[in-house]
Amino acid sequence: MTDGVARPEVLARVLARIVGRQPETEITLAALDAGRHVVLEGPPGTGKSTLVRTLAEATGLPFLLVEGHAELTPARLIGHHDPSRVLSEGYTPGTFVEGPLVRAASEGAILYVEELNRVPEETLNVLITVMSEGELHVPRVGTFVAAPGFAVVAAMNPFDAVGTARISSAISDRTCRLSMGYQSADDEREIVLRRSGVPDSPWLAAVVEVVRRTRTHPDVRVGASVRGAIDLVLLAGSLARLRAVEPHSGEVTFDAARAALSGRVRLHESYGRSPEDVIAALCAEVFGGAGDAVAAPERTEDHQGKGDPVPGPAELARGRVVAGPEVRQMLAEERRHTFTREQLSRRPLFREVSPEPGVFRESPLDSPAEPQEALELLVDVARAAEPDLRELARRLAGRVLVRFAQSSALTSATSPGAGRLHRTAWKPGMDIDLDGSLDSLVEARAARTPPTEDALHGEAWARRSTAVCLLVDRSGSMGGGRVLAAALAAAAVAQRTDDDYSVIAFADDAVVVKGQTEARSAEAVVDDLLALVGYGMTDVALALRTAGVELARSPASRRVAILLSDCRSTNGDDPLAAAAGLDEVHVLAPPGGVAEGERVARAGHGRCVELPGPLEVPAALAALMT
């Protein structure tokens with residue numbers, strides 16, 4: 001516990017230096033005063049680091065910063081023994097070089113860990129005892145008792161940000177969590193004023209409004225933070241000086257906005273246009289249409305974003321593998337197969353979602369009494385004949401299905417994480433494994449020669465390495481339930497594999513929707529699967545052989561094929577031989593298809609799991625992958 005840092009004068013000093021954030025400041029200050037540890041969670045640019053640094057300066061507490069990343073090892077956090085001194089003195093407390101955790105505990109400092117949920121779990125585990133008991137035991141050194149004032153304050157982005165992982169319950173149970181969202185428009189305007197030094201004006205307020213709208217635009221997955229507004233204002237000022245015009249002139253503002261915001265905005269892949277298009281459209285809205293030359297272009301009907309002509313109605317040849325540009329052509333053709341309002345009205349919930357043409361209401365889908373019915377409806381509406389209704393549903397479907405997969409058992413049970421430390425040959429820049437290298441070091445010292453690099457051992461992360469190929473059976477009819485299952489399976493696999501996965505839709509041909517080495521967002525893959533039309537016979541052997549080709553492209557040590565099918569092959573070769581040629585084949589079989597699925601899974605050294613319904617896909621995949 002600190003010595004009374006929760007005082008009104010301390011709070012006043014902090015609030016005088018930051019904009020807004022009074023509740024967050026009070027809670028964090030109170031937690032430090034009570035000797036509690038704190039996690040600040042929120043998107044980038046919400047002032048998490050600024051708040052902690054300002055608190056440390058205002059309270060006079062020492063401050064140590066640790067940058068969280070996947071290569072932060074326990075030795076780098078705790079400390080290590082100096083190898084050169086160990087040779088002459090042995091393992092003694094004097095040879096120990098303190099890391100930031102030991103220093104913070106000894107000095108009663110704030111240990112600030114940035115990007116907490118990017119730190120490997122094995123490293124985070126060393127925090128558990130010192131956070132709960134105030135003690136840290138270091139082998140061959142002794143026990144460090146935390147001095148008064150010691151606290152761990154961490155910041156992290158939301159879990160679903162790229163490269164993040166869930167924090168263990170052991171860490172969560174030892175911290176107070178504080179959510180920090182974006183601030184109000186007035187607060188963000190004040191931040192820009194302070195950081196840029198420009199005078200207040202309606203133009204500056206409009207700049208802040210453009211940035212704020214990037215966070216709520218329906219086609220934007222990640223919007224810009226207030227840093228984008230600061231950069232836009234500063235860049236506009238410099239451009240205006242170069243061009244000898246006013247900063248608020250339309251051309252300067254639009255050029256500065258594209259440069260400052262386009263790299264910060266992340267679109268849903270199914271949108272089909274660039275961030276510059278969105279930014280230009282928002283600027284035109286907010287600034288009253290100035291800069292018509294950069295107005296957003298009209299959207300194409302096929303929503304492909306490349307202007308490619310949609311192929312004619314002649315079907316592509318069957319019984320073969322379709323990959324590359326042909327896949328885009330095939331999916332564009334299959335998107336011609338749409339549902340009329342009369343067909344969609346057979347689902348009771350449709351009238352609530354779209355009471356009249358051109359209207360799409362998301363609220364009935366937020367907390368439906370029957371989640372499966374709502375998701376199947378959303379999948380079907382993504383194939384609506386009405387263009388506006390179809391596009392709105394497509395954009396929403398990708399986001400909803402990916403979020404459903406992220407919250408599923410697959411993510412929590414089998415998150416790939418950052419791996420485990422293992423002993424390996426030492427390389428420059430790597431932590432030395434002193435226990436493994438000690439004999440070589442002693443021998444070198446006795447011979448009075450420096451040890452050779454190949455005689456040393458180091459510590460490196462052994463990451464989990466799994467490649468997955470998802471095989472979706474689309475023979476016969478592809479109704480809402482089957483398409484939903486396929487989309488959820490792809491979204492769940494994407495969460496599990498760190499992009500080392502492929503998706504193949506097969507009937508009597510095999511369509512590579514996503515290649516093993518192809519970088520695509522989960523939303524884009526889901527959007528492609530929503531276009532699938534069922535037809536024809538089933539060639540399971542062709543699908544498995546295609547999976548073998550895709551998996552061979554991966555360097556992963558474990559290569560898994562997962563069949564979403566009843567495995568009743570009606571065309572092609574014997575699937576058992578094809579399954580036996582793969583490392584690992586698992587089957588997600590519908591009720592009534594388990595018998596054939598088990599035969600294929602046994603031949604492929606895997607397992608077959610019965611799939612009761614589409615919503616059980618993520619949990620079933622988790623069971624197969626453990």
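Up top is the structure these notes are about.
Quick notes on the rules
- Along each chain, residue indices are assigned from 1 in the same order as the chain's sequence is written.
- Local features are withheld for residues below a pLDDT of 70 in this predicted model, meaning they are given only at 70 or higher, and side-chain atom pairs are given and counted only at 80 or more; totals for whole chains, interfaces and linings count all residues.
- Side-chain metrics in this entry use all non-hydrogen atoms of the structure; hydrogen atoms and water are not considered.
- Criterion for a salt bridge: a side-chain nitrogen of Lys or Arg within 4 Å of a carboxyl oxygen of Asp or Glu.
- Note on conventions: DSSP H or I runs of at least 4 residues are helices, E runs of at least 2 residues are strands, and numbering of each starts at the N terminus.
- Accessible area is worked out with a 1.4 Å probe on protein chains only. A residue is then buried under 20% of its type maximum, exposed over 50%, and partly exposed in between.
- Should DSSP find at least two bridges between two strands, the strands are taken to pair.
- Contacts between residues were defined by any pair of non-hydrogen atoms, one from each residue, lying within 4.5 Å.
- Here, axes are lines fitted to C-alpha atoms. For helices the fit covers the stretch in contact, and angles between N-to-C directions go from 0 to 180 degrees.
- Side-chain rings of Phe, Tyr and Trp (the six-membered ring for Trp) are treated as a pair once their centres are within 6.5 Å; stacked means planes under 30 degrees apart, edge-to-face means over 60, and tilted covers the remaining angles.
- Only Lys NZ and Arg CZ are tested; either one counts as a charge over a ring when it is within 6 Å of the ring centre and within 35 degrees of the ring normal.

**Student:** Please explain the pattern of salt bridges as it appears in this structure.
**Tutor:** Side chains that differ in sign of charge can pair as their charged atoms come close. Under the criterion given, the structure shown has 32 salt bridges. The salt bridge involving E190 is made with R194; its shortest N-O contact spans 3.2 Å. Of this pair, E190 and R194 both sit in helix α10 (residues 185-196), four residues apart, roughly one helical turn. Taking relative accessible area as the criterion, E190 reaches 31% and is therefore assigned partly exposed. The salt bridge partner of R520 is D528, with a shortest N-O separation of 2.8 Å. Accessibility assignment for this pair places R520 and D528 in one class, buried.

**Student:** Looking at this structure, how should I read the pairing of strand β18 (residues 510-514)?
**Tutor:** Residues in a regular strand project their side chains so that they alternate between the two faces of the sheet. In terms of burial, β18 is largely enclosed, as five of its five residues are buried. Where strand β17 (residues 501-506) hands over to β18, the hairpin turn is made up of three residues, counted between the paired strands.

**Student:** Hey, could you run me through the sheet that holds strand β21 (residues 608-610) in this one?
**Tutor:** Neighbouring strands of a sheet are bound in pairs by backbone hydrogen bonds; such pairs are parallel or else antiparallel. The strand order across the open sheet formed by seven strands is β12-β18-β17-β16-β19-β20-β21, and the pairing between neighbours is mixed. Edge positions in the sheet fall to β12 (321-322) and β21, since each has one partner strand and no second. Bridge count between β12 and β18: two bridges; the pairing is parallel. By the bridge assignment, V322 is partnered in β18 with V511. Here helix α23 (residues 522-529) sits on the sheet and contacts β17 and β18; the angle it forms with β17, its principal contact strand, is near 5°. Strands in contact with helix α26 (residues 594-603) are β19 (558-564), β20 (585-589) and β21; relative to β20, the strand with the most contacts, it is inclined by about 170°.

**Student:** Any chance you could explain the environment of V102 here in plain terms?
**Tutor:** Mapped onto the fold, V102 is located in helix α6 (residues 100-107). In this structure, the C-alpha to C-alpha distance between V102 and V130, residues 28 residues apart in sequence, is 9.7 Å. Residues within four places of V102 in sequence aside, it is in contact with L77, I78, F96, L136, V138 and F144.

**Student:** Hey, could you run me through the packing of aromatic side chains in this one?
**Tutor:** By convention here, two paired aromatic rings are described through the distance between centres and the angle between planes. Throughout the structure, instances matching the rule amount to two aromatic pairs. In this structure, R215 is placed above the aromatic ring of Y182, and the distance from its NZ or CZ to the ring centre is 3.8 Å. In this structure, K514 is placed above the aromatic ring of Y501, and the distance from its NZ or CZ to the ring centre is 4.3 Å.

**Student:** Please clarify how the environment of L624 should be interpreted in this entry.
**Tutor:** With respect to the helices, strands and loops of the structure, L624 is situated in helix α27 (residues 617-625). Along the chain, L624 and H586 lie 38 residues apart, while their C-alpha atoms are 6.9 Å from each other.

**Student:** What am I meant to see in the sheet that holds strand β5 (residues 110-114) here?
**Tutor:** The strand order across the open sheet formed by five strands is β2-β5-β8-β1-β9, and the pairing between neighbours is parallel. Of all the strands in the sheet, the pair left with one neighbour each is β2 (63-67) and β9 (175-179). Direction aside, the axes of adjacent strands within the sheet are offset by 20° on average. In the packing of helix α2 (residues 22-33) onto the sheet, contacts are made with β1 (37-41), β5, β8 (151-156) and β9, and the angle to β9 comes to roughly 170°. Against the sheet, α6 touches β2 and β5, its axis set at about 160° to β2.

**Student:** Any chance you could explain the pairing of β19 here in plain terms?
**Tutor:** Of all seven residues making up β19, five are buried, and the element is well covered by its neighbours. Inspection of the sheet shows strand β16 (residues 466-473) paired to β19 by seven bridges, in the parallel sense. Within the sheet, the bridge partner assigned to A467 lies in β19 and is R559. Pairing of β19 with β20, which is carried by four bridges, proceeds in the parallel orientation. Paired with I562 across the two strands is H586, which belongs to β20.

**Student:** Help me understand the side chain of E24 in this model?
**Tutor:** With respect to the secondary-structure elements, E24 resides in helix α2. For E24, the residues in contact, after removing those within four places along its chain, are L51, L178 and M180.

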